[in-house]
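Coordinates in review
Each chain, letter by letter, is given below.
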Amino acid sequence: VQLQASGGGLVQAGGSLRHSCAASGRTFSRYVMGWFRQAPGKDREFVAAISWSGGTTYYADSVKGRFTISRDNAKNTVYLQMNSLKPEDTAVYYCAASKNLWTPVVVTTTPWYDYWGQGTLVTVSS
């Protein structure tokens, strides 16, 4: 699976952005998808994850209520809608895919994912 992310950019605090991550291959619907981010000088951290069907989602506390993960299996694409952005949301954002079965909490860990897209930079100005 190859993942191609897009949607980064510069936005003012309080604004919105939407990330997209398009996957190659015909088995996209069998992958759990996740979004992670890495701020300068910090470790990569979990943002959100979504199950195969899209029926189950999981969010980091820091983005809950502001970010929404969704997927369109017909388009092989996962999305991250980011609203009410804050300067602390500034980071490089990565999408990731896992062949594993959905497992609560474990979906937040980077080793659980098999494939990673290239990062896209989001900068939120105050």
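All figures in this text were calculated on a predicted structure; none of them were measured in a lab.

Per the stated rule, a full pass over the model turns up one disulfide. Between the sulfur atoms of Cys 21 and its disulfide mate Cys 95 the distance is 2.0 Å. On the S-S bond that ties Cys 21 to Cys 95, the torsion sits near 55°, and the link is right-handed. Separated by 74 residues along the polypeptide, Cys 21 in strand β3 (residues 17-23) and Cys 95 in strand β9 (residues 91-98) bring together distant segments of the chain.

As a further point, take the sheet that holds strand β8 (residues 77-82). If you trace the four strands from one edge of the open sheet to the other, you get β1-β3-β8-β7, paired in antiparallel fashion. Looking at which strands have only one partner, the edges of the open sheet turn out to be β1 (3-6) and β7 (67-72). Between one strand axis and the next, the sheet turns by 15° as a mean value, whatever way the strands run. Sheet analysis places β3 next to β8, joined by six bridges and oriented antiparallel. Bridging across to β8, Ala 22 finds its partner in Thr 77.

What follows covers the packing of aromatic side chains. The final tally for this structure, using the stated rule, is seven aromatic pairs. Between Phe 36 and Phe 46 the ring centres are 5.6 Å apart and the planes differ by 75°, which places this aromatic pair in the edge-to-face class. Here Phe 36, found in strand β4 (residues 32-38), pairs with Phe 46, found in strand β5 (residues 45-50); they are 10 residues apart in sequence, far enough to count as distant. Grouping residues by exposure puts Phe 36 and Phe 46 together as buried. One cation-aromatic arrangement involves Arg 44 over Tyr 94; the distance from NZ or CZ to the ring centre is 3.7 Å. Above the face of the Trp 116 ring, Arg 44 is positioned so that its terminal group lies 4.9 Å from the ring centre.

What counts as what
- Residues numbered from 1 in each chain as written.
- Predicted model: local features only at pLDDT ≥ 70, side-chain atom pairs only at ≥ 80, totals over all residues.
- Heavy atoms only, no water.
- Disulfide = S-S within 2.5 Å.
- Helix = DSSP H or I, 4+ residues; strand = E, 2+ residues; numbered from the N terminus.
- Pairing = 2+ DSSP bridges.
- Axes fitted to C-alpha atoms, helices over the stretch in contact; angles between N-to-C directions.
- Phe/Tyr/Trp six-rings, centres within 6.5 Å; stacked < 30°, edge-to-face > 60°.
- Buried < 20%, exposed > 50% of the residue type's maximum accessible area, 1.4 Å probe, protein only.
- Lys NZ or Arg CZ within 6 Å of the ring centre and 35° of its normal.

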